[in-house]
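One letter stands for each residue in the lines below.
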Amino acid sequence: VDRIFPKEHFKVKYAVDEVQYFHILLVFVSSMQRGQNTDSGSISREASFEGISSFQVNNSLLHPVIVECRLTKTDMELEVLRYTNRISSEAHKMVMKHIKPGQKEYEMESLFHHYCYSKGGMRHTSYTCICGTGHNSSIIYYGHPGAPNDKTIMDGDICLFDMGGEYYCYTSDITCSFPANGKFTVDQRAIYEAVLKSSRAVMAAIKPGVKWTDMHRLADRVHLEELVKIGILNGSVEDMMKVFMGSVFMPHGLGHLLGIDVHDVGGYPEGVERINEPGLVNLLMGRPVQERMVLTVEPGIYFINHLLDEALADPKQSCFINSQVLARFRGFGGVSLSAKFYLVLLFCYPEAVALSYCIIVQGVERINEPGLVNLLMGRPVQERMVLTVEPGIYFINHLLDEALADPKQSCFINSQVLARFRGFGGVSLSAKFYLVVQYTFRLDSKDR
């Protein structure tokens, strides 16, 4: 960093009560926290810093307290969340305007990234973008490395784009469904309007105090009623609910908490158990809705072949299915729509992982000298290694001040000339080297 800001700067910037520099943190910290995110199942990493061994560490005490702090949002947090969702919504609209058959799904992902960053200063997305088209729109978490949004968009495809930008760690989660060519078919419109109806039903019913599980069941009920009208299902919706027909078409939960994580913590506090029923077992929050929660409402109807096959093989469910009509929807994909709710003062308003890397080779120790202590490789160069060569000269004020205050270094410095370079910044250049069979090949910048 060019400048070490005073603690007051960070107190104002992040609206916190106490700030300490890392190198004296152990003087103030006497207990750490560790706990599980009930949505993802991930365990938070234990805190680690030099000197922690001198403390008695409690890994569970603070976690539930922090979870409750994150569960409900302050006015300032709500403002940031509105911003992230507004920019992300605009990015979705821009994608809709530019999409056309023949493009790749990843081109739409790229457009979304570009808009969020160029118009909203949102450098990262909240999660891996899901740009499913055609049959891919029925894959709930499409877009992962094994299926990286690489299908060609075809005329007649339904698109399900689930993307959200992130701003200062605060997330957004927005899902849009629309036809790639701009015109719904009769079947696409019927499914879209069914999902839209369930979304509006939940938005009309949600309020502080309602059970989130009841909102999920409401969405299921509306879906089933609409699928009966379309002709895919027939019979009593009440009887369908008893055999969990809703989960055949919406296997995921209705929605989740939103905040510093896109699936934010707090969905299942101690004493709240997950309901072990199809569909509800995947619901990411089981507690009643509270004021100042931020929740996603994202129902969907999907035609997932293996779930349809299982339902057709189950006499309790197959009796409700019109297999001839259902056959028209094989390969259809899916439709999902999402809205965000900020529950504030009884009114409803629709609306970070640290990368660590360290290669340890037995017998190779890091040299504890200024500069060399930050060198990221200490072993001898070998054939077939790929290395960067990126020297630089920087004029970093606090390092210059330290050098001027050190007689061993200040005696070499012409302070008058140096003064001209205060605020200059720095210069760095890099080249890549591939060392192969005793020959060195350099990639110039024009080749990168």
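As shown above, the structure is provided for reference.
Residues numbered from 1 in each chain as written. Predicted model: local features only at pLDDT ≥ 70, side-chain atom pairs only at ≥ 80, totals over all residues. Heavy atoms only, no water.

(A) Quick peek at the overall build of the chain. Helix and strand content of the chain: 14 helices and 15 strands. Across the 448 residues in the chain, those meeting the buried criterion constitute 38%. (Helix = DSSP H or I, 4+ residues; strand = E, 2+ residues; numbered from the N terminus. Buried < 20%, exposed > 50% of the residue type's maximum accessible area, 1.4 Å probe, protein only.)

(B) Inspection of the environment of Leu-71 at higher detail. With respect to the helices and strands, the residue Leu-71 is situated in helix H2 (residues 63-71). On the basis of relative accessibility, which here comes to 1%, the residue Leu-71 falls in the buried class. Along the backbone, Leu-71 and Asp-264 are 193 residues apart, and their C-alpha atoms lie at a distance of 7.9 Å. If we ignore the near neighbours within four places in the chain, the residues touching Leu-71 are Leu-257, Val-265, Gly-266, Arg-287, Gln-290, Arg-292 and Met-293. (Contact = heavy atoms within 4.5 Å.)

(C) Representation of helix H4 (residues 105-120) within the structure. Over its 16 residues, H4 extends 22 Å from the first C-alpha to the last, a length consistent with the 22 Å expected when each residue adds 1.5 Å. Along H4, the residues classified as buried are Glu-105, Met-108, Glu-109, Phe-112, Tyr-115, Cys-116 and Gly-120. Considered in projection along H4, the buried side chains sweep an arc of 125 degrees and stay on one side of the axis. On its buried face, H4 sits against helix H3 (75-98), strand S1 (124-125), strand S2 (130-133), strand S3 (158-163) and strand S4 (165-166). (Expected span 1.5 Å × (residues − 1). Arc of directions from axis to C-beta.)

(D) Expanded view of the state of the cysteines. Tallying each qualifying case throughout the model produces 0 disulfides. Between Cys-129, a free cysteine, and Cys-131, which holds the nearest cysteine sulfur, the sulfur-to-sulfur gap is 5.6 Å. (Disulfide = S-S within 2.5 Å.)

(E) Representation of unusual backbone geometry within the structure. Residue Cys-169 is not a glycine yet carries a positive backbone phi of 75 degrees. By secondary structure assignment, the location of Cys-169 is in the loop between S4 and strand S5 (174-179). Even without a glycine there, the phi angle at Phe-244 is positive, about 60 degrees.

(F) Geometry of the nonpolar core. By size, the foremost hydrophobic cluster in this structure holds 26 residues, and its most contacted members are Ile-191, Ile-232, Leu-233, Met-245, Phe-249, Ile-301 and Phe-303. Listing elements by their share of this core, those giving two or more residues are helix H5 (186-205), helix H6 (212-230), helix H7 (237-242), helix H8 (246-249), helix H9 (305-313) and helix H11 (323-329). Beyond its immediate sequence surroundings of up to four residues, Leu-233 is in contact with Leu-224, Leu-227, Val-228, Met-240, Met-245, Phe-249, Phe-320 and Ile-321. Within the second largest apolar cluster, 20 residues are counted, among which are Cys-116, Cys-129, Met-163 and Phe-178. (Core = buried A, V, L, I, M, F, W, Y, C linked by side-chain atoms within 4.5 Å.)

(G) Highlighting the packing of H3 against H4. Two numbers describe how H3 lies on H4: the axes approach to 9 Å, and their chain directions differ by 135 degrees. Comparing the axis directions of H3 and H4 gives the class oblique. When the axes of H3 and H4 are compared, the crossing they make is right-handed. In contact with Tyr-83, Ile-87, Ser-88, Glu-90, Ala-91, His-92, Met-94, Val-95 and His-98 of H3, H4 contributes Met-108, Leu-111, Phe-112, Tyr-115, Cys-116, Lys-119 and Gly-120. Considered class by class, the residues forming the contact of H3 with H4 number 10 nonpolar, 4 polar and 2 charged. (Axes fitted to C-alpha atoms, helices over the stretch in contact; angles between N-to-C directions. Parallel < 35°, antiparallel > 145°, perpendicular 65-115°, else oblique. Left-handed = near helix turned anticlockwise from the far one by under 90°. Nonpolar A, V, L, I, M, F, W, Y, C, P; charged D, E, K, R; others polar.)

(H) View of the packing of aromatic side chains. One pass over the structure, following the stated rule, counts 12 aromatic pairs. On the basis of an interplanar angle of 70 degrees and a centroid distance of 5.4 Å, the ring pair of Phe-303 and Phe-332 is categorised as edge-to-face. With Phe-303 in the loop between strand S7 (300-302) and H9 and Phe-332 in the loop between H11 and strand S8 (334-336), this residue pair connects regions lying 29 residues apart in the sequence. Per residue, the accessibility class of Phe-303 equals that of Phe-332, and both read buried. Here the aromatic rings of Phe-329 and Phe-332 are separated by 5.7 Å at their centres, their planes lie at 45 degrees, and the arrangement is tilted. We classify Phe-329 as buried; its relative accessible area is 0%. According to the relative accessible area criterion, Phe-332 is buried, its value standing at 12%. Pairwise contacts between aromatic rings join Phe-249, Phe-303, Phe-329 and Phe-332 into one cluster. (Phe/Tyr/Trp six-rings, centres within 6.5 Å; stacked < 30°, edge-to-face > 60°.)

(I) Molecular detail of the sheet that holds S2. Strand order in the open sheet formed by 3 strands is S2-S3-S5, with antiparallel pairing between adjacent strands. Single-partner strands in this sheet number two, and they are S2 and S5. Adjacent strand axes in the sheet meet at a mean angle of 10 degrees when their direction is disregarded. Summarising the sheet, S2 and S3 pair through 4 bridges and their orientation is antiparallel. Bridging from a neighbouring strand, Thr-133 pairs with Cys-159 of S3. Of the strands in this sheet, S3 and S5 touch H3, which is tilted by about 15 degrees from S5. (Pairing = 2+ DSSP bridges.)

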